[in-house]
Amino acid sequence: MTRRKLPPLVIDYIGERLAGVDEVGRGPLVGAVVAAAVILDPARPIPGLNDSKALSAKRRQALDGEIREHALAFAVAEASPAEVDELNIYHATHLAMRRAIDALSPAAEYLLVDGNRLPGHSLPGQAVVKGDARHPAIAAASILAKVARDAQMLALDDRHPDYGFARHKGYPTREHLAALERLGPLPEHRRSFAPVKRQLALF
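This section reports on the structure supplied with the text.

Calculation notes
- Numbering of residues starts from 1 in each chain and follows the order in which that chain's sequence is written.
- Only residues with pLDDT of at least 70 are given local features in this predicted model, and only at 80 or more are side-chain atom pairs given and counted; all residues enter the totals for whole chains, interfaces and linings.
- Processing note: side-chain calculations cover all non-hydrogen atoms of the structure and skip hydrogens and water entirely.
- Two strands are counted as paired when DSSP detects at least two bridges linking them.
- The secondary structure listing takes helices from DSSP runs of H or I that are at least 4 residues long and strands from runs of E that are at least 2 residues long, numbered from the N terminus.
- Between N-to-C directions, angles span 0 to 180 degrees; the directions come from axes that are lines fitted to C-alpha atoms, helices contributing only their stretch in contact.
- Any residue under 20% of the maximum accessible area for its type is buried, any over 50% is exposed, and the rest in between are partly exposed; the area is computed with a 1.4 Å probe on protein chains only.
- These descriptions rest on fixed angle ranges, namely under 35 degrees for roughly parallel, over 145 for roughly antiparallel, 65 to 115 for roughly perpendicular, and the rest for oblique.
- Here a crossing is called left-handed whenever its near helix is offset anticlockwise from the far helix by less than a right angle, and right-handed whenever the offset is clockwise.
- Contacts were defined at the residue level, with two residues in contact if any of their heavy atoms lie within 4.5 Å.
- Each residue is assigned to one of three groups, with Ala, Val, Leu, Ile, Met, Phe, Trp, Tyr, Cys and Pro labelled nonpolar, Asp, Glu, Lys and Arg labelled charged, and all others, Gly among them, labelled polar.
- How far a helix is expected to stretch is found by multiplying one less than its residue total by 1.5 Å.
- To be clear, the arc concerns the directions from the helix axis to the C-beta atoms.

1. Quick notes on the sheet that holds strand β1 (residues 18-24)
- Spatially, β3-β2-β1-β4-β5 is the arrangement adopted by the five strands of the open sheet, whose pairing is mixed. The sheet is open, and its two edges are formed by β3 (73-79) and β5 (125-128), each paired on a single side. On average, adjacent strands in this sheet sit at an angle of 20 degrees to one another, irrespective of strand direction.
- For β1 and strand β4 (residues 110-114), the ladder comprises four bridges, and the chain directions are parallel. From the neighbouring strand, Leu18 faces β4, where its bridge partner is Tyr110.

See below:
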């Protein structure tokens, strides 16, 4: 099966204050959904930026440092598990994105957001399907968000080693579901997600 080639990305903005925006953590059963926004410096390009899922953990860590050192602006923000439960994951994701955009200094003038929807911010912009593989600013945002969320999962693993968070990062793997069944949900689990909701009814 051949992969469908995406059309060239046409951006309706000329200037230096374009922010790439992406999130990590829609699918996991535990923890925050984390978003990042990055304004890259055209004078200081960063080689090797790509969708964070296509990079090794070691490469992501290295690029995370380069982005923080060379970008014109960057910000990482989140929506908590309680906000995910209150708003639903879709709206919580957009809340985290808006928080990251608002934290940029200097502020962005235009947004390129991974996915097929803009997050309801007042700034103009466009949603870009598979954006983390199509524009370096979105790729940079995906890397910052992924590194930040993975660090949260490692910290959670230190506190609760029996759940295996360092390995599955909170996603509903067989190991995670078995631990949930055996040990019950933690305060950090998302109560509105079906596997957690089921276990809460039993504990």
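So, next bit.
2. Points about the pairing of β1
- Most of β1 is tucked away, with seven of its seven residues classed as buried.
- Alternating positions in β1 separate into two faces, Leu18, Gly20, Asp22 and Val24 on one and Ala19, Val21 and Glu23 on the other, with burial throughout.
- The sheet contact formed by β1 and strand β2 (residues 33-39) spans five bridges and is antiparallel. The residue bridging Glu23 from the neighbouring strand is Ala35, located in β2.

3. Things to note about unusual backbone geometry
- Residue Pro106 is bonded to the preceding Ser105 through a cis peptide linkage, with omega at 5 degrees.
- On the secondary structure map, Pro106 appears in the loop between α3 (89-102) and β4.
- A positive phi angle, near 85 degrees, is found at Asn88, a position not held by glycine.
- Its location among the elements puts Asn88 in the loop between α2 (81-87) and α3.
- Phi at Lys169 takes a positive value of approximately 55 degrees, unusual for a residue other than glycine.
- The class for Lys169 is buried, based on a relative accessible area of 17%.

4. Focus: the packing of helix α6 (residues 174-183) against helix α7 (residues 194-202)
- Between α6 and α7, whose axes approach to 9 Å, the crossing angle comes to 20 degrees. Our classification of the angle between α6 and α7 gives roughly parallel. Taken as a pair, α6 and α7 cross one another with a handedness that is right-handed. Contact residues: α6 offers Leu177, Leu180 and Glu181, while α7 offers Pro195, Val196 and Gln199.
- Split into classes, the residues belonging to the contact of α6 with α7 amount to four nonpolar, one polar and one charged.

5. A few points about the packing of helix α1 (residues 57-70) against helix α4 (residues 136-159)
- In the contact formed by α1 and α4, the axes pass within 9 Å of each other and the chain directions differ by 120 degrees. Regarding α1 and α4, the two cross each other, and that crossing is left-handed. Note on element contacts: α4 touches α1 through Ala140, Ile143, Leu144, Lys146, Val147 and Asp150, opposite Arg60, Gln61, Leu63, Asp64, Ile67 and Arg68.
- Of the residues contributing to the contact of α1 with α4, the split by class is six nonpolar, one polar and five charged.

6. Comments concerning α1
- If you check α1, its first and last C-alpha atoms are 20 Å apart, about what 14 residues at 1.5 Å a residue would give, namely 20 Å.
- Taken as a whole, α1 has its buried residues at Arg60, Leu63, Asp64, Ile67 and His70. Take α1 and look down its axis: the buried residues cluster within an arc of 150 degrees, on one side only. Projecting away from the buried face of α1 at angles above 90 degrees are the exposed residues Lys58 and Glu69.
- Where the residues of α1 are buried, they touch β2, β3 and α4.

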